[in-house]
Amino acid sequence: MILIAARGLYFAATMTLFGEAVFAAALRKRLPVIVPAATTQLRWAVLTLALLASGAWLMLAAAQMAGTAPDAAITAQVLRGTLFGQVFAVRIVLLLALVVLLACNSGPRWVALASGMALALPALTSHAAAASPANFTVIGATLDAVHLLSGGIWIGGLAALAALFRRKEANIVLALSLFSEIAMIAVLLLAMTGLINAASILLGDKGAAAPLYLAVLGGKLATVAAMLGLAIANRFRLLPRGNTRAIARNAAMELMMGVIVVFLAGALGQLPPTL
Amino acid sequence: MKRIIAAGLLFTTAPAFAHARLTDSVPAANASVKAPGQIRLHFSETLEPAFSGATLKDAAGKTIPASAAVGGTAVTLIAPVLRPGAYTVEWHGVGHDTHRVDGHFTFKVIP
């Protein structure tokens, strides 16, 4: 359970960092009239969470691999001798690079690059990578990485929008138009990669689908459907009418649901998909 | 039907698994064979050598000294000459996804 929470926390944190930086970069390029919201505190908070969650994830995954209680020697062995450990080491380097980037107040492009890599790297050791056809793990890993990055653009973008709403941004309608343009592509990629990943994990195995895995997957899909409903209402009903107050409320709900989805995805990564 | 859908989606019919699992072994589970020089276990995906392996036990549950080598998707046990009788192979494997799986199977050595 703690391992699921650590995974969920890591993904939620890196998605927020990545998506917020991508949206800030898009604003800078396409709508220079809008100064991205000052999200320094948010960035530091989620980066700290990502670092803490990473440490917990490593220790608990090492214990899981060894079939024992968390132990420093086993954790060191995982770091030295497993793919997960090597990926973890790169992730930590990236998170520490983000500490430097935030401290130096670097531009959103660099933050997006480092946080995007930190977000996508766990795809190398994901179910989707393991379930790749003919053991070409690069296929499943790439699809899962695109899935994570798309989710990050959606959820992190919502966090950036929330900050603009709090600031009572005068050009919020322009920002909303840009966000919906970016989010639509992200959601399409998210749905496509999610469908292929689920199919390869569940249908590629000889065993029957595990009921708990299906239940969590169903919960995740239902929550995503509710998020999509809110996004569609925002884009096609409320935005043309300029009803920014209702959009702000919906976007906040969407963001909360997004965090729930990320934690459910964290659980899916731990549960056996088939019996 | 499930396999056809999967193939359509993934443009391949090669089997895939989300967790490492034992796919077959030589000798096979419950087989009766002449004393094998080695016991080979094949898994569905690449294993982490540091956390995968197998041990061999006789009918009395006593561990037989055998060296285990893990490479790629296989675990190989090099055993001494085995006397006729029943033997159990206890195995464990960890894939890149960090999930641990384990199990056992038996086989018989005949004169």
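Above this text you will find the structure in question.
Predicted, not measured: the structure shown is a model, and the values here were computed from it.

Asks: I tried to follow the overall build of chain B on my own but got confused; where do I start?
Replies: What chain B contains, in helices and strands, is one helix and nine strands. Its helices and strands taken in sequence order, chain B reads α-β-β-β-β-β-β-β-β-β from the N to the C terminus. When each of the 111 residues of chain B is scored for burial, the buried share is 41%. Excluding contacts between residues fewer than 6 apart, the proportion of contacts in chain B whose partners are at least 24 apart in sequence is 59%. Counting only carbon and sulfur atoms, one obtains 60% of the accessible surface of chain B, whose full area is about 5500 Å².

Asks: What exactly am I supposed to notice about the environment of A:Leu17 here?
Replies: In this structure, A:Leu17 sits in helix 1 (residues 2–30). Look at A:Leu17 and you get buried, because its relative accessible area is 1%.

Asks: Quick question: what am I supposed to make of the packing of helix 1 of chain A against helix 10 (residues 244–268) of chain A here?
Replies: Between two packed helices, the angle of one axis relative to the other and the distance separating the axes together describe the packing. Residues and elements named next belong to chain A. Running from N to C, helix 1 and helix 10 point in directions that differ by 135 degrees, and their axes come no closer than 8 Å. Between helix 1 and helix 10, the crossing angle belongs to the class labelled oblique. Helix-helix and strand crossings are classified by hand; for helix 1 and helix 10 the assignment is right-handed. Across the interface between the two elements, Ile4, Ala5, Arg7, Gly8, Leu9, Phe11, Ala12 and Met15 from helix 1 touch Val262, Phe263, Ala265, Gly266 and Ala267 from helix 10. Here the contact of helix 1 with helix 10 is composed, by residue class, of ten nonpolar, two polar and one charged.

Asks: So what exactly am I meant to see when it comes to the nonpolar core here?
Replies: Looking at soluble globular proteins, one finds that nonpolar side chains tend to be buried together. Residue and element names in this part refer to chain A. The biggest cluster of nonpolar side chains holds 44 residues, and the ones touching the most others in it are Tyr10, Trp57, Val78 and Leu98. Going through the elements one at a time, helix 1, helix 2 (40–66), helix 3 (72–81), helix 4 (83–103), helix 5 (108–120) and helix 7 (137–166) are the ones with two or more residues in this core. Once you skip the residues sitting within four places of it in the chain, Leu98 turns out to touch Leu17, Leu47, Val111, Ala114 and Ser115. Counting 31 residues, the second-largest nonpolar core is a separate cluster that includes Leu161, Ala163, Ala246 and Met257.

Asks: I'm lost on helix 7 of chain A in this one. Help?
Replies: For an α-helix the count is 3.6 residues per turn, leaving residues at separations of three or four pointing the same way. Taking 1.5 Å as the rise per residue, helix 7 of chain A with 30 residues should run 44 Å; its terminal C-alpha atoms sit 43 Å apart, in good agreement. Once helix 7 of chain A ends, the next one or two residues include A:Lys168, with phi positive near 55 degrees.

Asks: What exactly am I supposed to notice about the sheet that holds strand 9 (residues 100–109) of chain B here?
Replies: Adjacent strands of a sheet form backbone hydrogen bonds with each other and so pair up, either parallel or antiparallel. Residues and elements named next belong to chain B. Taken together, the five strands give an open sheet; going across it, the order is 2-9-8-4-5, and neighbouring strands pair in mixed fashion. Two strands in the sheet have a free side with no partner beyond their single neighbour: strand 2 (32–33) and strand 5 (63–64). Inspection of the sheet shows strand 4 (residues 53–58) paired to strand 5 by two bridges, in the antiparallel sense. Within strand 5, the position partnered with Leu56 by the bridge is Ile64.

Asks: Got a minute to help me understand the pairing of strand 8 (residues 85–94) of chain B in this structure?
Replies: Within a regular beta strand, the side chains point alternately toward one face of the sheet and then the other, so they alternate between its two faces. All names here are of chain B. Bridge analysis of strand 4 against strand 8 gives six bridges, and the strand direction is antiparallel. The residue of strand 8 that forms the bridge with Leu56 is Val89. Direction of pairing for strand 8 relative to strand 9: antiparallel, over a ladder of ten bridges. Bridge assignment links Glu90 to a residue of strand 9, and that residue is His104. Hairpin remark: strand 8 followed by strand 9, antiparallel, with five residues in the connecting loop; positive phi at Thr98, about 75 degrees.

Asks: Can you help me understand helix 9 (residues 211–241) of chain A in this one?
Replies: Residue and element names in this part refer to chain A. If you check helix 9, its first and last C-alpha atoms are 44 Å apart, about what 31 residues at 1.5 Å a residue would give, namely 45 Å. Taken together, the buried positions of helix 9 are occupied by Tyr213, Val216, Leu217, Lys220, Thr223, Val224, Met227, Leu230, Asn234, Leu238 and Leu239. Close packing links the buried residues of helix 9 with helix 6 (127–130), helix 7, helix 8 (172–203) and helix 10. Of the residues flanking the end of helix 9, it is Gly242, one or two places downstream, whose phi is positive at about 70 degrees.

Thresholds applied
- Residues numbered from 1 in each chain as written.
- Chains lettered and ligands numbered in written order.
- Predicted model: local features only at pLDDT ≥ 70, side-chain atom pairs only at ≥ 80, totals over all residues.
- Heavy atoms only, no water.
- Helix = DSSP H or I, 4+ residues; strand = E, 2+ residues; numbered from the N terminus.
- Buried < 20%, exposed > 50% of the residue type's maximum accessible area, 1.4 Å probe, protein only.
- Contact = heavy atoms within 4.5 Å.
- Areas by Shrake-Rupley, 256 points an atom, 1.4 Å probe, with all protein chains shown as cover.
- Axes fitted to C-alpha atoms, helices over the stretch in contact; angles between N-to-C directions.
- Parallel < 35°, antiparallel > 145°, perpendicular 65-115°, else oblique.
- Left-handed = near helix turned anticlockwise from the far one by under 90°.
- Nonpolar A, V, L, I, M, F, W, Y, C, P; charged D, E, K, R; others polar.
- Core = buried A, V, L, I, M, F, W, Y, C linked by side-chain atoms within 4.5 Å.
- Expected span 1.5 Å × (residues − 1).
- Pairing = 2+ DSSP bridges.

Any functional reading would require information beyond the geometric quantities listed.
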